[in-house]
Amino acid sequence: MIKKTQAMDILRNAAEEKKMKYAMQIEEEMLQKEFDLDENTHAQIMQLQQAAFQQKSQLEHQASQLIMEYKQRFMQEQMQQRLYEQKMRQHQMRETMQQKMKDVSAKKAAAPPSPQSPQDLGPMGQSPMY
């Protein structure tokens, strides 16, 4: 009986030792898988951060270009407005001058002929013939 008890103890101890080794092996595999998973997660996070940074850079560049384009168009529009205003002033000045010229011509045409000055008259008070 002692042998049987000793044999059972030896078998139990061996089984317990195998269980512990197996549990340690499983724990080690789980730790390795957890480490690999963390490593993959960190790599994916890094890739996402890089992609976000690149996209942000592209959007900032695009925004900068759009701002420059807006400023250029705004300046062109201002220049066109100034040219338009200048042409309108010139046109108004021309019309005013033409109207004044018409008014002066109309006054000259409506006014009686002015007497000639004595210098323009000949020796006998008559107009010289040219």
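Below you will find a few notes about this structure. The shown structure was predicted, so the numbers you read here are calculated from the model rather than taken from an experiment. Just so you know, the residues in each chain are numbered from 1, in the order the chain's sequence is written. Thresholds applied to this predicted model are a pLDDT of at least 70 for local features of residues and 80 or more for the giving and counting of side-chain atom pairs; totals over whole chains, interfaces and linings are not thresholded and use all residues. Values reported for side chains reflect all heavy atoms of the structure, with hydrogen atoms and water molecules removed beforehand.

## Some remarks on the overall build of the protein chain
- Where helices and strands are cited, they refer to DSSP runs of H or I of at least four residues and of E of at least two residues respectively, numbered from the N terminus. Assigned secondary structure in the protein chain consists of one helix and zero strands.
- Burial classification: accessible surface area is computed with a 1.4 Å probe over protein chains only, and a residue below 20% of its type maximum counts as buried, one above 50% as exposed, and the rest as partly exposed. Sorting the 130 residues of the protein chain into buried and exposed places 0% on the buried side.
- Note on areas: these come from Shrake-Rupley sampling with a 1.4 Å probe, and a residue is covered only by the protein chains present in the view. With an accessible surface of roughly 13,400 Å², the protein chain has 59% of that area assigned to carbon and sulfur atoms.

## Describing the packing of aromatic side chains
- Centre distance within 6.5 Å is the pairing criterion for rings of Phe, Tyr and Trp, where only the six-membered ring of Trp is used; planes under 30 degrees apart are then read as stacked, over 60 as edge-to-face, and the remainder as tilted. Enumeration according to the criterion identifies one aromatic pair in this entry.
- Summarising the aromatic geometry, the rings of Tyr70 and Phe74 are spaced 6.1 Å apart at their centres and angled 20° between planes, so their arrangement reads as stacked. Remark: Phe74 and Tyr70 occur in helix H1 (residues 2-110); sequence separation between them is four residues, near one turn of the helix.
- A residue is classified by how much of its surface remains accessible, and Phe74, at 39% relative accessible area, is partly exposed.

## Observations regarding the pattern of salt bridges
- Each reported salt bridge corresponds to a side-chain nitrogen of Lys or Arg within 4 Å of a carboxyl oxygen of Asp or Glu. Throughout the structure, instances matching the rule amount to two salt bridges.
- With its nearest N and O atoms 3.6 Å apart, the salt bridge here joins Asp9 to Arg12. With a gap of three residues between them, Asp9 and Arg12 both fall in helix H1, about one helical turn apart.
- A relative accessible area of 37% means that Asp9 is categorised as partly exposed.
- Across the pair Arg73 and Glu69 runs a salt bridge whose closest N-O atoms are separated by 3.0 Å. Placement of both Arg73 and Glu69 in helix H1 is noted, with a separation of four residues, approximately one turn of the helix.
- A relative accessible area of 33% means that Glu69 is categorised as partly exposed.

## What about a negative patch on the surface?
- Each patch is built from residues lacking any salt bridge and having more than 30% relative accessible area; the joining distance is 9 Å for like charges and 5 Å for nonpolar side chains (Val, Leu, Ile, Met, Phe, Trp, Tyr). Neither His nor the chain ends is counted toward charge; the positive residues are Lys and Arg and the negative residues Asp and Glu. Here the site of a charge means NZ on Lys, CZ on Arg, CG on Asp, or CD on Glu. A contiguous patch of negative charge, built from Glu27, Glu34, Asp36, Asp38 and Glu39, is present on the exposed surface.
- Within the secondary structure layout, Glu27 lies in helix H1.

## Structural notes on a nonpolar patch on the surface
- Together, Tyr22, Ile26 and Met30 line one region of the surface with nonpolar side chains, adding up to about 310 Å² of accessible area.
- Considering the arrangement of structural elements, one finds Tyr22 in helix H1.

In short, shape yes, function no, at least from these values alone.
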